[in-house]
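# Per-entry structural report
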Amino acid sequence: MSAAAAVAAASAANVAVIGGGISGAVCASLLAARGVAVTLFDSGRGAGGRMAQRREVMEDGTELRFDHGAPYFTVSNDEVARVVSGWEARGLVAEWKAMFACFDREAGKFTDFEKEGTIKKYVGVPGMNSICKSLCLEDGVVAKFGVTIGRMDWIQDRSSWLLASLDGRDLGHFDYVVATDKNIASPRFSGLTGRPPPLDLSLLPQLSMMIQDIPVRPCFALMLAFSEPLTKVPVQGFSFNNSDYLSWAFCDSSKPGRAHVPLNSQSWVLHSTAEYASKVINNIGPRKPSADALAKVAEELLKEFQATGLNIPQPIFMKAHRWGSAFPAIAISGDDKCVWDKSMKLAICGDFCTSPSVEGAVLSGMRGASKILRLVNSHYYLELEMLKAIVSLHIMVPHLQQKQESIYMRQITFEDKFAGFGASQAITDAQLGSSPGLHVA
């Protein structure tokens with residue numbers, strides 16, 4: 001298929017992407033780059049998901065920012081490596097040349113120092129959410145934040161989805177849906193909102209066992225700011241051995257592109273163990289924790305950090321955040337990298353489909369876009385072939401003739417617009433990432 005024909009086909013499609021994390025943002029960007037009309041919905045205040053950056057203000061008005069979700073990411077897949085190379089060229093990501101180690105809580109010392117450059121670590125610039133924010137602002141993507149999807153109804157006679165928000169607002173009809181929220185059909189959604197999950201699995205019995213209740217590992221993040229650097233800590237990140245409370249610590253202010261505010265201060269983000277987080281959530285329940293509950297978590301995690309013997313002083317700022325579904329415990333889709341139902345035109349993407357990592361989420365979003373574009377193009381060809389058959393038989397009823405002329409004119413328009421693409425720009429699986437920020441050869 002020529003580039004003009006491909007874009008002509010895509011322009012007739014209307015896709016809803018649920019979730020503005022990295023998987024949804026990548027998928028939306030790829031689809032929009034091929035002319036698909038994309039509307040992205042996210043319940044948060046902005047893009048990022050678990051690649052979010054938190055803005056906090058101290059009592060004196062000083063502004064602090066923390067990457068309180070994913071601290072960094074690594075890449076091993078060639079396709080994703082080319083995507084990240086494109087982001088790096090645009091200044092959206094940079095390598096974090098940090099030294100990592102492991103801290104043994106019982107022995108009270110660092111072990112297993114990682115050689116610098118052994119594994120390339122990438123971070124968003126100036127925050128981890130920069131990638132998602134940029135992708136959600138690309139042409140063809142309409143991003144709507146602060147919107148929680150409350151209902152997804154399949155309209156059989158229109159072969160489309162009707163979406164509604166949690167507060168009952170009609171969000172419109174969509175030809176395709178990409179869902180990147182692992183709770184879209186999970187009882188956890190009911191625990192958080194008191195409402196049934198948006199996706200009725202009776203519509204998708206073949207997928208119900210796969211996506212109904214994806215097991216997750218929760219985590220608490222503790223954001224800390226210190227007036228001076230932690231001089232007894234010789235690394236920028238370290239894991240914990242033999243700690244019941246902490247799993248990781250990262251010096252957030254050591255990342256490239258981070259402003260040190262106030263001057264000479266240092267900010268750290270600690271991650272709890274899944275066992276500690278599960279214990280707390282079991283005690284306080286699945287709903288949003290109270291300020292008092294989070295303050296208690298913050299005190300307990302800080303106490304453990306200070307018990308390391310690393311001369312950790314009292315912070316000038318401290319706040320905890322709960323990630324109730326931080327890490328998927330399984331991958332549900334195997335080699336396909338996403339869950340796809342062709343008859344219902346539904347793609348389910350995310351790190352829970354591949355691996356619990358940023359790289360896995362990116363790859364899953366790419367696969368979701370590929371599935372949709374392949375179906376969009378096949379429908380376009382089928383429509384053209386049917387019209388050609390009608391013409392050849394000289395059975396031209398008025399409304400079909402008008403439809404044929406409309407498709408023909410649309411294709412001519414796109415051929416004019418994309419005359420410089422050339423035949424080499426036909427859509428193939430290997431070229432789905434050729435938007436400005438997603439160069440996938």
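Use the structure listed above.
Quick look at the structure, then. (Residues numbered from 1 in each chain as written. Predicted model: local features only at pLDDT ≥ 70, side-chain atom pairs only at ≥ 80, totals over all residues. Heavy atoms only, no water.)

### Concerning the sheet that holds strand 15 (residues 237-241)
This is how it is decided: At least two bridges found by DSSP between two strands are what make those strands a pair. Helix numbers and strand numbers start at the N terminus; a helix is a DSSP run of H or I with at least 4 residues, a strand a run of E with at least 2. To get an axis, fit a line to the C-alpha atoms, keeping to the stretch in contact for a helix; angles then go from 0 to 180 degrees between the N-to-C directions. Whether two residues touch is decided by their heavy atoms; if any such pair falls within 4.5 Å, the residues are in contact.
Taking strand neighbours across the sheet as the criterion, the 7 strands line up as 7-6-15-16-17-14-18 in an open arrangement whose pairing is mixed. Taken across any chain shown, the strands that pair with only one partner, and hence form the sheet edges, are strand 7 (109-111) and strand 18 (317-328). Taking each pair of neighbouring strands and ignoring which way they run, the sheet shows an average axis angle of 25°. As defined by bridge partners, strand 6 (residues 100-104) adjoins strand 7 across 3 bridges and the pair is classed as antiparallel. Within strand 7, the residue paired with phenylalanine 103 across the bridge is phenylalanine 110. Contacts between helix 7 (residues 274-284) and the sheet are confined to strand 14 (216-226), strand 17 (266-272) and strand 18, with strand 14 contributing the most and set at about 100° to the helix.

### Quick look at the environment of tryptophan 96
Put simply, the rule is: Polar contacts, as used here, are pairs of N or O atoms within 3.5 Å; protein pairs need one atom able to donate a hydrogen and one able to accept it. Residues neighboring in sequence count only if both atoms are side-chain atoms.
Tracing the backbone shows tryptophan 96 in the loop between strand 5 (93-95) and strand 6. Expressed as a C-alpha distance, the spacing of tryptophan 96 and lysine 120, which sit 24 residues apart in the sequence, is 7.5 Å. Contacts of tryptophan 96, omitting those with residues within four sequence positions, involve Pro71, Tyr72, Lys121, Val123, Gln236, Phe250, Cys251, Ser254, Lys255 and Pro256. Of the polar contacts made by the side chain of tryptophan 96, one reaches the side chain of serine 254; its length is 3.3 Å.

### What about the packing of aromatic side chains?
Here is the rule we go by: A pair of aromatic rings is counted whenever rings of Phe, Tyr or Trp (Trp by its six-membered ring) have centres within 6.5 Å, and the orientation is called stacked for planes under 30 degrees apart, edge-to-face for over 60 and tilted otherwise. Working definition: with a 1.4 Å probe on protein chains only, accessible area under 20% of the residue-type maximum means buried, over 50% means exposed, and in between means partly exposed. In this scheme, Lys NZ or Arg CZ marks a charge over a ring once it lies within 6 Å of the ring centre and within 35 degrees of the ring normal.
The final tally for this structure, using the stated rule, is 21 aromatic pairs. Ring centres 6.1 Å apart and planes at 65° place the aromatic pair tyrosine 72 and phenylalanine 250 in the edge-to-face group. Pair noted here: tyrosine 72 is in the loop between strand 4 (63-66) and helix 3 (78-89) and phenylalanine 250 is in strand 16 (residues 246-251), with a separation of 178 residues, a long-range link. For phenylalanine 250, a relative accessible area of 3% gives the class buried. Between the aromatic rings of phenylalanine 110 and phenylalanine 113, the centroid separation amounts to 6.2 Å while the plane-to-plane angle is 50°, which identifies the pairing as tilted. Given a relative accessible area of 46%, phenylalanine 113 falls into the partly exposed group. Among the aromatic side chains, those forming a connected cluster through ring pairs are Phe103, Phe110, Phe113, Phe238, Phe240, Trp268 and Phe305. The cationic tip of lysine 255 hangs over the ring face of tryptophan 96; the distance from NZ or CZ to the ring centre is 5.3 Å. Sitting over the ring of tyrosine 176, lysine 345 keeps its end group 5.1 Å from the ring centre.

Structural measurements only, silent on function.
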